[in-house]
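Below, each chain spelled out in residue letters.
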Amino acid sequence: MSTSAASLTREVHSAQRSIDLVEMENKTLRSKLEKMEREYKELKRAYFELSIKQRSSNHMVGSQDSLTISDGIDTSEGIQDQLQEEVHNKPVQRKEEGKSFSCKCDLEGHAGAVYVARFCHKGQYIASGSLDKSVRIWTVQSDSAGRLQGEEKSILQEHNLNVSDVSWTSDDLFLVSGAYDRSVKYWDLQACKSVSSYELCGFVLCCVCHPLDCNQIWAGTSQNQACLIDKRSSTFASVLQNDGMMNGLCFTPDCNKLFSGDSKGCIKAWDLRMMNESACDSVAFHIESNKPISDLHFATLSQSQEISLLAANSYDNILRVFSRANVGSHERDQMPGSRESLRMIHSLQGHKNKNFPIRSSFFRGKLYNYANDFASTQQLASSTSRSTTLDKSLLVATGSVDKYCYVYDISNPSFGEFFQKLEGHADRVYCASFHHEKPLIVTASADSKMKIWGPRER
């Protein structure tokens, strides 16, 4: 009896320590959130006062009926347009006949906010994660009349807190999910159950499967770590220690490096070929305001993988697009430990990130004709005409706190354009994710719904 009582006492003490750790972490996160909210309110008040002053002197720059995008680093004109949009809150959707997206179907079933939704690589399924602690799989197909339909296929319920992210393995046979219960789960979609589960330090904020090895998973946490999980092992294969929460992770197209976006506004490149030698990283970009980055993802523009773009959502309401490709990139990637350098080519504004984990996605039309050297922009700089079909476009879509999805056209590397605002959700849109091949978008919202958007019929 004494042995049993001692064992029970140890378990109680262990459980109490876990509870204390969770409470301490929650207190820290609440403190950071309150600070960010105060900063936002002060900034918004300053914006309002400045806009009133400008309006009274009749020197407001730009039209009151336009939604503005500034390319490159923020300019005074971009700030004035943002102030104007903040005061009037009347961004006007530009009509694009034959190019606009429309809602094709709704996906309903979650009992809470949906934080993430992603198409599988082949496109016939969508995986979603929600505040209701569940991961759900949806089928996407067309009926006999050609109308797009979505239907709930399975519900995966083993997490104890909200699901923050999901990622498909490259063969679409398995799914990985991360949640605020500090766990990463590896799901067998045929059996509809998790085949392995891993406990991490801190809330899991993001997760991504290795594109070339279905057994490897990277997960970012609120404890400033990126953890490498190998399904063939019972322990972590490696841990990268950062100085800020790991909000977003993505692989470079050649999979030699892992990029991270953190709570201090830094984009870092981690050379995975140096893992056994040192925790080597380089700061590829830093937001001067130190506003957190909420999402990162790459798009490859060439078969040789030498031309690629990186998109980063951040809490300063800017979606930045960087080029990571120019002459000599191949030689750079062949050298372990080489320093990364990103060049910002677009600074897209109009949507609102605020203090929420907003995600975005690229779409490259199958007929999109990119410049041979995207980074130089010389070949396309003289052409300002917009592409005529979605198949010839390069787009990026993002969620927004104002309950819309914003789509931008970045087909021309010398400038970006507002393309369309997708209206239909009743609350924040957390995630906008493109199909890997077709011009289809799935949006996930705090209204507990998802919507699939496709080209508007002529």
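Residues numbered from 1 in each chain as written. Predicted model: local features only at pLDDT ≥ 70, side-chain atom pairs only at ≥ 80, totals over all residues. Heavy atoms only, no water.

Focus: the state of the cysteines
Put simply, the rule reads: When two cysteine sulfur atoms are found within 2.5 Å, that pair is recorded as a disulfide.
One pass over the full model with this rule turns up 0 disulfides. The cysteine Cys214 is free of any disulfide, with Cys209 supplying the nearest cysteine sulfur at 7.4 Å.

Thoughts on the nonpolar core
Here is the rule we go by: We define the nonpolar core as a collection of buried residues of types Ala, Val, Leu, Ile, Met, Phe, Trp, Tyr and Cys that are connected through side-chain atoms lying within 4.5 Å of one another. Exposure is judged per residue with a 1.4 Å probe applied to protein chains only, and the accessible area is read against the type maximum: over 50% gives exposed, under 20% gives buried, and values in between give partly exposed. A contact between two residues is defined here by any heavy atoms of the two lying within 4.5 Å.
Counting 28 residues, the largest nonpolar core has Ile126, Leu175, Met450 and Ile452 as its most contacted members. The contact partners of Leu175, leaving out residues within four places of it in the chain, are Ala127, Val135, Ile137, Val166, Ser167, Trp168, Lys185, Tyr186, Trp187 and Leu189. Core analysis: the second largest hydrophobic core is formed by 18 residues, Ala311, Phe362, Tyr406 and Ile410 among them.

Overview of the sheet that holds strand β8 (residues 183-188)
Basically, it comes down to this: Strands qualify as paired when DSSP identifies two bridges or more between them. By definition, any uninterrupted DSSP run of H or I lasting at least four residues is a helix, any uninterrupted run of E lasting at least two residues is a strand, and each is numbered from the N terminus. Note on geometry: axes are lines fitted to C-alpha atoms, helical ones only across the stretch in contact, with angles between N-to-C directions running from 0 to 180 degrees.
Here we have 4 strands laid out as an open sheet, ordered β6-β7-β8-β9, and antiparallel in their pairing. Among the strands making up the open sheet, the edge pair consists of β6 (163-168) and β9 (193-199). Each adjacent strand pair in this sheet contributes to an overall mean axis angle of 20°, direction not counted. Relative to strand β7 (residues 174-179), β6 runs antiparallel, the two sharing 5 bridges. Of the residues in β7, the one forming a bridge with Asp165 is Gly178.

Some thoughts on the sheet that holds strand β3 (residues 125-130)
Across the sheet, which stays open at both edges, the 4 strands sit in the order β2-β3-β4-β5 with antiparallel pairing between neighbours. Either end of the sheet is taken by a strand with one partner, and the two such strands are β2 (114-119) and β5 (148-156). Ignoring strand direction, the axes of neighbouring strands in this sheet form an average angle of 25°. For strand β4 (residues 135-142) and β5, the ladder comprises 8 bridges, and the chain directions are antiparallel. Its bridge partner being in β5, Thr139 is matched across the sheet by Glu151.

Quick notes on the pattern of salt bridges
Side-chain pairs of opposite charge can arise whenever the charged atoms involved come near each other. So the rule is basically this: Here, a salt bridge means any side-chain nitrogen of Lys or Arg that lies within 4 Å of a carboxyl oxygen of Asp or Glu.
Going through the model one piece at a time under the given rule, you end up with 15 salt bridges. A salt bridge links Asp271 to Arg273, with the shortest nitrogen-to-oxygen separation between them at 3.0 Å. On the accessibility criterion, Arg273 (28% relative accessible area) is partly exposed. Ionic contacts of the salt-bridge type, sharing partners, join the residues Arg118, Asp165, Asp295 and Arg359 into one network.

Thoughts on the packing of aromatic side chains
The condition that has to hold: What counts as a ring pair is set by centres within 6.5 Å for rings of Phe, Tyr and Trp (its six-membered ring), and what kind of pair is set by the plane angle: stacked under 30 degrees, edge-to-face over 60, tilted for all other angles. Here, a charge over a ring means that NZ of Lys or CZ of Arg falls within 6 Å of the ring centre while also lying within 35 degrees of the ring normal.
According to the stated counting rule, one finds 12 aromatic pairs in the structure shown. Measuring from ring centre to ring centre gives 4.9 Å for Tyr180 and Phe203, while their planes differ by 0°; the resulting arrangement is stacked. With Tyr180 in the loop between β7 and β8 and Phe203 in the loop between β9 and β10 (204-209), the pair connects residues that are 23 residues apart, well separated along the chain. Of the aromatic side chains, those joined through ring pairs into one cluster are Phe101, Phe363, Phe419 and Phe434. One residue, Lys421, lies across the ring of Tyr404, its end atom 4.3 Å from the ring centre.

Looking at the pairing of strand β27 (residues 441-445)
Across the 5 residues that make up β27, a large majority, 5, are buried. Residues of β27 alternate between two faces, with Ile441, Thr443 and Ser445 on one and Val442 and Ala444 on the opposite face, all of them buried. Of the pairings in the sheet, the one linking strand β26 (residues 429-434) to β27 comprises 5 bridges and is antiparallel in character. Following the sheet pairing, Ala432 is matched in β27 by Thr443. Where β26 folds back on β27, the antiparallel hairpin that results is connected by 6 residues. Bridge count for β27 against strand β28 (residues 449-455) is 4 bridges, and the pairing is antiparallel. Each bridged residue has a counterpart across the sheet, and for Ala444 the counterpart in β28 is Met450. Between β27 and β28, which pair antiparallel one after the other, the connecting turn spans 3 residues, and Ser448 there sits at a positive phi close to 75°.

A closer look at the pairing of strand β24 (residues 405-409)
For β24, a buried count of 5 out of 5 residues is recorded, marking the element as mostly surrounded by other parts of the structure. Burial of the side chains of β24 extends over both faces: Cys405, Val407 and Asp409 are buried on one face and Tyr406 and Tyr408 on the other. Here strand β23 (residues 394-398) pairs with β24 via 4 bridges, running antiparallel. Along β24, the bridge assignment pairs Leu395 with Asp409.

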